Amino acid sequence: MQTAKTKALDKIEKSLNQDLIWSDSSWEVYREPFLNGERPDFVCLNPSKGILIIKYLNFSQNNYDIEKDRFIDIKTNNFVNIQNPISYFDRLQSSIRELYLPRLGEKAFAFRAITSCIIFNEERDKSLDLLSRFSNFNKFIDKKNQFTLGCLNNLKLTDIFPNHQQDLSKLMSEELAMDFRNWLYKPDFAEDQQTTVALPKRQWDLIHTSPKSKYRRIKGSAGSGKSFVLCGRAVELAKENKKVLIVTYNITLINYLRELCDRFHTNAQNHIEFIHFHEWMSKTFDFLGISIKYPKFDEQEEKMKNYLEIELPNQLIQALEATPFIEKYDAILVDEGQDFNRQWWNTLQQSLKENGEMLLVADTAQDIYIRQLNSWIDDPMKNLGMASRWTELNDSFRIPNNVKPLLNKFQKEFFESKNINLIVSKQDDLMDCQVKWIDTDPDSSIQKCVDELLVLVKEDQNQKRSFTDLTFLTDSQLAGLKVVEKLRASDKSLKVVDTFKRNEKDRNQKIRKIAFTKLDATVKATTIHSFKGWESRMIVILITRAKTPKDLSVIYTGLTRIKQHPLSSFLTILNTTKRLNNYLVS
């Protein structure tokens, strides 16, 4: 039996097919796409004319009113679980520009490529009157044709999408359309889409076994398969139609985790939500109708850090405890858990279903933000609900065998014993890595980095190395940008994708981080911070500082990004610090 919403969506789809597609057959209509958990009712896509997003709201003024920016049932006088549609679309448009289509977001006037439409049962005037009671109604009015209204009983393309014939080929392209399709496509979980991932039995057991405790934690050395376990578990749960959320702190890691999930099951990424923690907080505040006004701390970095890491999460915990309406998850999985603190974990717990499961995977040796994971996660007084002991993974199947002693030596020499995760060497690991350590001075380091990057590929006589596999990492934004500029100047044909900040007002850095992916057929250049969790077979690292525990943790993290490969792997370190002079020799 058809529901009222199904009938309404059928009617809207028929109208789109008759009017929009009839006007231009290049339009594609996606009904109820997953879109990383956003779930609009329709997305229409045209490679040269833009994007239309439609949300249908099945209610009228006779039944609902607006109070404190929330819908309220007139009969019961209770709040209902319907999000402010203006906030929903405003945030979704930003997510499309910044997360789903970051290459669009880099362009001026990118907002013109996206139109959002709310379709009500009632006439436009009544619908406008209802929306006008939201405090952010001015956003709806100010955006004019980027926010539109439609009436289900009188569907007109000129109301829904007045700009449907506008040529936006300077903003949109087939390449961008393909990027967006990857977020829209929602196939069934068919058995024949299962792919093969080579993992040790221990890791497979963790993927397929439900935890004895509601909250599970896994600690492991670099390359031990922690992220594989997390993604494999997420896919298993999604195959059971569970609502799954993967959370990370590192923005650049989202694309990598999506790719990992697809290794377990083709298009698994379109059944799982991926988000970085502060974006999740912003999205949840938005859903609750709470506007966040960030205080000005006048360059007081410590106060701002405390606000973002402690005060704001605590505000969200209080808000979540006070509402029964937030949509909860069957599973929440946290990657690179050493980047998180107790307040963040507690905040995520509020969005877990009663019988759900949470997983945190971590490597305490890569604590580059000095969150001191062990200090909060092992404390029984914190009431985190964690299993009493870590599940440990120490066999690394990614790190080349001859690099493991270097990493273990580094840990023993520079880290506190509680943070050490020694990497076990296996005798059957036969793939070694060509390691080169170069001590240099800061003035010469930029040119030497460029030389080493170029020689790695150009000295290869057997054509088994590619610029696509080449990665440059550093602990310095400024030095990294100088290397990239010099590398591009040395070879005009060379494509380089980077995430370095151009200046203090560089608003596009976040977009470049989100767009960063292993699948780009280019040289990758980024900070060690942004590459944490990733891997590459050909890496050149520039070290500019080694004074503090944080500096040393960053260096260790960079060294652990190397992976073994049948065609050999290459790790070149350029060191400008006195503390690490002759380190490889010593």
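Our structure's up above, just so we're on the same page.
Treat the numbers as computed from the prediction; the structure is a model and nothing was measured. (Residues numbered from 1 in each chain as written. Predicted model: local features only at pLDDT ≥ 70, side-chain atom pairs only at ≥ 80, totals over all residues. Heavy atoms only, no water.)

## Points about the side chain of Asn136
Rules: By the criteria applied, helices consist of DSSP H or I runs no shorter than four residues and strands consist of E runs no shorter than two, each listed in order from the N terminus. Relative accessible area decides the class of each residue, using a 1.4 Å probe on protein chains only: under 20% of the type maximum gives buried, over 50% gives exposed, and in between gives partly exposed. The contact criterion used throughout is that any non-hydrogen atoms of two residues lie within 4.5 Å.
Relative to the helices and strands, Asn136 is located in the loop between helix H4 (124-131) and helix H5 (137-142). Judged by its relative accessible area of 14%, Asn136 is buried. Residues within four places of Asn136 in sequence aside, it is in contact with Asn84, Ile86 and Ser87.

## Points about the pattern of salt bridges
Selection rule: Basic side-chain nitrogens of Lys or Arg form a salt bridge, by our definition, when they fall within 4 Å of a carboxyl oxygen of Asp or Glu.
The final tally for this structure, using the stated rule, is 33 salt bridges. In this structure, Asp65 engages Arg133 in a salt bridge whose closest nitrogen and oxygen atoms are separated by 2.6 Å. Of the two residues, Asp65 is situated in strand S4 (residues 64-67) and Arg133 in the loop between H4 and H5; the sequence distance between them amounts to 68 residues. Since its relative accessible area comes to 29%, Asp65 is described here as partly exposed. Given a relative accessible area of 34%, Arg133 falls into the partly exposed group. Note that Lys243 and Glu327 form a salt bridge whose closest N and O atoms lie 3.6 Å from each other. In this pair, Lys243 sits in the loop between helix H9 (226-239) and strand S9 (244-248) while Glu327 sits in the loop between helix H12 (301-321) and strand S11 (329-334), placing the two residues 84 residues apart along the sequence. Look at Lys243 and you get buried, because its relative accessible area is 12%. Of the residues examined, Glu327 reaches a relative accessible area of 44% and is grouped as partly exposed. Look at the salt bridges and you will find they share partners, linking Glu38, Arg39, Arg91, Lys243, Glu273, Lys283, Asp286 and Glu327 into a network.

## So, the packing of aromatic side chains
Quick note on the threshold: In this scheme Phe, Tyr and Trp rings, the latter by its six-membered ring, pair at centre separations within 6.5 Å, and the angle between planes marks the pair as stacked below 30 degrees, edge-to-face above 60, and tilted otherwise. The rule for a charge over a ring is simple: NZ of Lys or CZ of Arg within 6 Å of the ring centre, and within 35 degrees of the ring normal.
With the rule as written, the count across this model stands at 24 aromatic pairs. Ring geometry for Phe277 against Trp344: centres 4.8 Å apart, planes inclined by 15°, an arrangement best described as stacked. Pair noted here: Phe277 is in helix H11 (residues 277-287) and Trp344 is in helix H13 (residues 342-349), with a separation of 67 residues, a long-range link. Feature note: the residues Phe410, Phe414, Phe415, Trp437, Tyr556 and Tyr583 constitute an aromatic cluster, connected by ring pairs. A cation over an aromatic ring shows up here: Lys55 above the ring of Tyr88, its NZ or CZ 4.9 Å from the ring centre. Across from the ring centre of Trp183, 3.3 Å away, lies the NZ or CZ of Arg258, which sits over that ring.

## Description of the packing of H9 against helix H10 (residues 253-264)
We count it as follows: Helix axes are fitted only over the stretch in contact, all axes being lines through C-alpha atoms; the angle between N-to-C directions runs from 0 to 180 degrees. Should an angle fall under 35 degrees it is called roughly parallel, over 145 degrees roughly antiparallel, and 65 to 115 degrees roughly perpendicular, with every other angle called oblique. Each crossing gets its handedness from the near helix: less than a right angle anticlockwise from the far helix is left-handed, clockwise is right-handed. All residues other than Ala, Val, Leu, Ile, Met, Phe, Trp, Tyr, Cys, Pro, Asp, Glu, Lys and Arg, Gly among them, are scored as polar; the first ten of these are nonpolar and the last four charged.
Contact geometry of H9 with H10 gives a least axis separation of 9 Å together with a crossing angle of 60°. Between H9 and H10, the crossing angle belongs to the class labelled oblique. In this structure, the crossing between H9 and H10 has a hand that is right-handed. Contact residues: H9 offers Ser227, Phe228, Cys231, Gly232 and Val235, while H10 offers Leu257, Leu260, Cys261, Arg263 and Phe264. In terms of residue class, the contact of H9 with H10 is made up of seven nonpolar, two polar and one charged.

## Looking at the state of the cysteines
This is how the line gets drawn: Two cysteine sulfur atoms make up a disulfide if the distance between them is within 2.5 Å.
Applying the stated criterion across every chain yields a total of zero disulfides. Of all cysteine sulfurs, the one in Cys117 lies closest to Cys151, which takes part in no disulfide; the gap is 11 Å. Cys433 takes part in no disulfide bond, and the closest cysteine sulfur to it belongs to Cys449, at a distance of 17 Å. Cys433 gets classed as buried once you look at its relative accessible area, which sits at 6%.

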